[in-house]
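Report on the structure
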Amino acid sequence: EVQLVESGGGLVQPGGSLRLSCAASGFTFSRYEMNWVRQAPGKGLEWVLYISSSGSTIYYADSVKGRFTFSRDNAKNSLFMQMNSLRGEDTAVYYCAREATGYFDLWGRGTLVTVSS
Amino acid sequence: DIQMTQSPSSVSASVGDRVTITCRASQDISSWLAWYQQKPGKAPKLLIFGASSLQSGAPSRFSGSGSGTDFTLTISSLQPEDFATYYCQQANTFPRTFGQGTKVEIK
């Protein structure tokens, strides 16, 4: 089955860190560009990060630049996002999404990150 | 950054109605536009890409049009399973940006 499965979400205090993972299956992961998109409770969609198929090119939203880092392991069909210096406004469901020429054609179910003391 | 503005924010419609949602980009994005459907508690699903191309598996009652800065998503005959929130997204440049969403509700 073609799917993406996120993990690693949870409750973290402001200023803390969290590492999210996304496991891909059912397709040739190494051929695809990947992204993270987040959605705060009751709000719209916000693009967060992009990584090229090789991992050599990464783009960040200004809201996370300098705090979040992004990597992938094509041998393990996995994507990782290290989130540091977390803030209340980072509270959201985080989706990993496969990209097809700029469009997100496959999404995971998401993982909830809650930043609160 | 390219701002994407959808209208209306919400629309009440009945089964069988024709529904139109518009999306305006703050600058020319050619045809680099997608539409997504999201139901509560679920991930978004790609409906339309390239402004007017129907994603595989998406029902043919969904159609998209437009280019440049003005785009439209049309549902030709609203079905019960279409009640959801719809988002446009530009793929012309980084950062990728979404519209604020349009909620299609039961009248």
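Report on the accompanying structure. Note that the structure is a prediction, hence the values are computed from the model and not measured.

Every contact between the two is made by 20 residues of chain B and, on the other side, 18 residues of chain A. When chain B packs against chain A, the two sides together hide about 1600 Å² of surface, and 68% of this comes from carbon and sulfur. A per-residue breakdown of the area chain B buries against chain A is headed by Phe94(B), Arg96(B) and Phe98(B), which together make up 35% of the total. The interface formed by chain B and chain A contains one salt bridge. In this structure, Arg96(B) and Glu99(A) form a salt bridge, with 3.3 Å as the shortest nitrogen-oxygen distance. Counting across the chain B and chain A interface gives 10 residue pairs in polar contact (both at pLDDT 80 or more). Broken down by secondary-structure element, the contributors of at least two residues to the side of chain B that touches chain A are β4 (33-38), β5 (45-49) and β9 (85-90) of chain B. A total of four residues in the side of chain B that touches chain A trace back to one element, the largest contributor, which is β4(B). Considering only residue class, the side of chain B that touches chain A consists of 13 nonpolar, five polar and two charged.

The rules behind the values
- For every chain, the first residue of the written sequence is number 1, and numbering continues from 1 onward in sequence order.
- For this description, chains carry letters from A and ligands carry numbers from 1, given in the order in which they are written.
- Confidence filtering applies because this is a predicted model: local features only for residues at pLDDT of at least 70, side-chain atom pairs given and counted only at 80 or more, and all residues used for totals across whole chains, interfaces and linings.
- The side-chain figures draw on all heavy atoms in the structure; neither hydrogens nor water molecules are used.
- The contact definition used throughout considers only heavy atoms, calling two residues in contact when any of these lie within 4.5 Å.
- A 1.4 Å probe defines the accessible area here, and the buried area is the portion of it lost by two parts on being joined, summed over both.
- What counts as a salt bridge is simple: a side-chain nitrogen of Lys or Arg found within 4 Å of a carboxyl oxygen of Asp or Glu.
- Here a polar contact is recorded for every N or O atom pair within 3.5 Å, except that within protein the pair must consist of a potential hydrogen donor and a potential acceptor, and residues adjacent in sequence are included only if both atoms are side-chain atoms.
- Only runs of H or I of at least four residues qualify as helices and only runs of E of at least two qualify as strands under DSSP, and these elements are numbered from the N terminus.
- Put simply, Ala, Val, Leu, Ile, Met, Phe, Trp, Tyr, Cys and Pro go in the nonpolar bin, Asp, Glu, Lys and Arg in the charged bin, and everything else, Gly too, in the polar bin.

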